[in-house]
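Here is how the chains run, residue by residue.
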Amino acid sequence: MADKIIVFIDLEATGLDTSQCDIIQLAAVCEEKVFNKFAVPHQHMTDSAKEVTGFRVRSGRLFRRGSLVETVPIVDLLTSFIDFLRSFRDPVVLAAHSVMRFDAPVLTRVMKKHHLFPQFQEVVSGFLDTFLLSKRLFPNIRGYSQVSLVSNFLGKSYDAHNAEEDAKMLQELYKVWRPDESKVVANTFKVNEKYFY
DNA sequence: TGCCAGGCCCTCTTTAGGGCCTT
């Protein structure tokens, strides 16, 4: 585990229902390497997702806080993400905040839907849940949301719910935490489609 | 138009309820 490459990811979606939401933005960060792409969702966004993410779809185009966003078809987003992950020397660990609750089920379902799960499985060895990890590392702090953790450990606020910024902040947090390998392993989970559906 | 999740964890628990965390 110590030599595993960890790629920090975040995704924005049309809602919180992992069984049906669409991906709007997917970002990944590993050191200086950055992946960040957007897709126009086909599902309606929930009101809370609109409010939280700032995304809107008008006339088949994606806007964030009023600005037009460049998008790609969802299949292109997924295949280019797999290509990005394939650029690392070994299968990587994908780390995200509450990854087991949200990002992993969504990614797994959408990859399967587009018949890309076998390729995804080739380049990803596991999921590291930084929410669960932070609770184990710091059992007595007040809140474990990513915004709270960034405020507490990095002393700053940021553009939360922009997936690229979220992924970058998560990488910064991890570098400050320097978690023991045992705790990282305890909060890393295998990639398995049967975990979710 | 109105619909809007769910598994884990904690405790004032276990014959359960509520808050957290992700969008």
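This text goes with the structure placed above it.
These numbers come from a predicted model, not from an experiment. (Residues numbered from 1 in each chain as written. Chains lettered and ligands numbered in written order. Predicted model: local features only at pLDDT ≥ 70, side-chain atom pairs only at ≥ 80, totals over all residues. Heavy atoms only, no water.)

1. A few points about the overall build of chain A
Our working definition: Each helix is a run of H or I in the DSSP string that is no shorter than four residues. Each strand is a run of E no shorter than two, and both are numbered from the N terminus. Note on method: radius of gyration uses C-alpha positions; expected globular size equals 2.2 Å times residues raised to 0.38. Each residue is placed in one exposure class: buried if its accessible area under a 1.4 Å probe, protein chains only, is under 20% of its type's maximum, exposed if it is over 50%, and partly exposed if it falls in between. Should any heavy atoms of two residues lie within 4.5 Å, those residues are counted as being in contact. The protein chains shown are the only cover counted for residues, whose accessible areas, like all others here, come from Shrake-Rupley with a 1.4 Å probe. The sign given to each residue is positive for Lys and Arg and negative for Asp and Glu; His and the chain ends receive no count. Lysine's charge is taken at NZ, arginine's at CZ, aspartate's at CG and glutamate's at CD.
Per the secondary structure count, chain A includes eight helices and nine strands. For chain A, whose C-alpha radius of gyration is 16 Å, the value lies close to the compact-globule estimate of 16 Å for 197 residues. If you line up chain A on its principal axes, its C-alpha atoms span 50 × 35 × 30 Å. A total of 197 residues make up chain A; the buried ones form 49% of that total. Considering only contacts within chain A whose residues lie at least 6 apart along the sequence, 68% involve residues at least 24 apart. Summed over its atoms, the accessible surface of chain A is roughly 10,000 Å², and 49% of this surface lies on carbon and sulfur atoms. The average position of the 25 basic charges and that of the 24 acidic charges among the side chains of chain A differ by 3 Å.

2. What to know about the pairing of strand 1 (residues 6-13)
Going by this rule: Pairing between two strands is assigned when DSSP locates at least 2 bridges connecting them.
Extensive coverage of strand 1 is indicated by the burial of eight of its eight residues. Of the two faces of strand 1, both are covered, the one formed by Ile 6, Phe 8, Asp 10 and Glu 12 as well as the one formed by Val 7, Ile 9, Leu 11 and Ala 13. When strand 1 meets strand 7 (residues 92-96), the two strands line up parallel, connected through three bridges. If you follow Ile 6 over to strand 7, its bridge partner there is Val 93. Across six bridges, strand 1 lies against strand 2 (residues 23-30) in antiparallel orientation. Bridge pairing links Ala 13 to Ile 23 in strand 2.

3. Some points on the packing of aromatic side chains
For any pair of aromatic rings, the description consists of the separation of the ring centres together with the inter-plane angle of the planes. Stated formally: We call Phe, Tyr and Trp rings a pair once their centres come within 6.5 Å, taking the six-membered ring for Trp, and we label the pair stacked below 30 degrees between planes, edge-to-face above 60, and tilted otherwise. Charge over a ring is defined by NZ of Lys or CZ of Arg lying within 6 Å of the ring centre and within 35 degrees of the ring normal.
A full pass over the atoms with the stated rule returns 10 aromatic pairs. Linked through ring pairs, Phe 35, Phe 81, Phe 84 and Phe 88 together constitute an aromatic cluster. When the ring centre of Phe 84 is taken as reference, the NZ or CZ atom of Lys 33 above it lies at 5.9 Å. In this structure, Lys 33 is placed above the aromatic ring of Phe 88, and the distance from its NZ or CZ to the ring centre is 4.1 Å.

4. Digging into the nonpolar core
For the record, the criterion: Only buried residues count toward a nonpolar core, which is a set of Ala, Val, Leu, Ile, Met, Phe, Trp, Tyr and Cys residues joined through side-chain atoms within 4.5 Å.
Grouped together as the largest cluster of nonpolar side chains are 37 residues, with contacts concentrated most on Val 7, Phe 81, Leu 85, Leu 94, Leu 107, Met 111 and Phe 120. Per-element tally for this core: the top contributor is helix 2 (residues 74-86), with six residues. Core analysis: the second largest hydrophobic core is formed by 16 residues, Leu 128, Tyr 158, Ala 160 and Leu 170 among them.

5. Considerations on the pattern of salt bridges
As a reminder of what qualifies: Salt-bridge detection follows one rule: a side-chain nitrogen of Lys or Arg within 4 Å of a carboxyl oxygen of Asp or Glu.
In the structure shown here, the tally under the stated rule is six salt bridges. A salt bridge links Arg 64 to Asp 159, with the shortest nitrogen-to-oxygen separation between them at 3.3 Å. You can see Arg 64 sitting in strand 5 (residues 61-64) and its partner Asp 159 sitting in the loop between helix 6 (146-154) and helix 7 (163-177), a full 95 residues away along the chain. On the basis of relative accessibility, which here comes to 14%, the residue Arg 64 falls in the buried class. In this structure, the salt-bridge partner of Asp 90 is Arg 89, at a minimum N-O distance of 2.8 Å. On the basis of relative accessible area, Asp 90 is assigned to the partly exposed category, the value being 39%.

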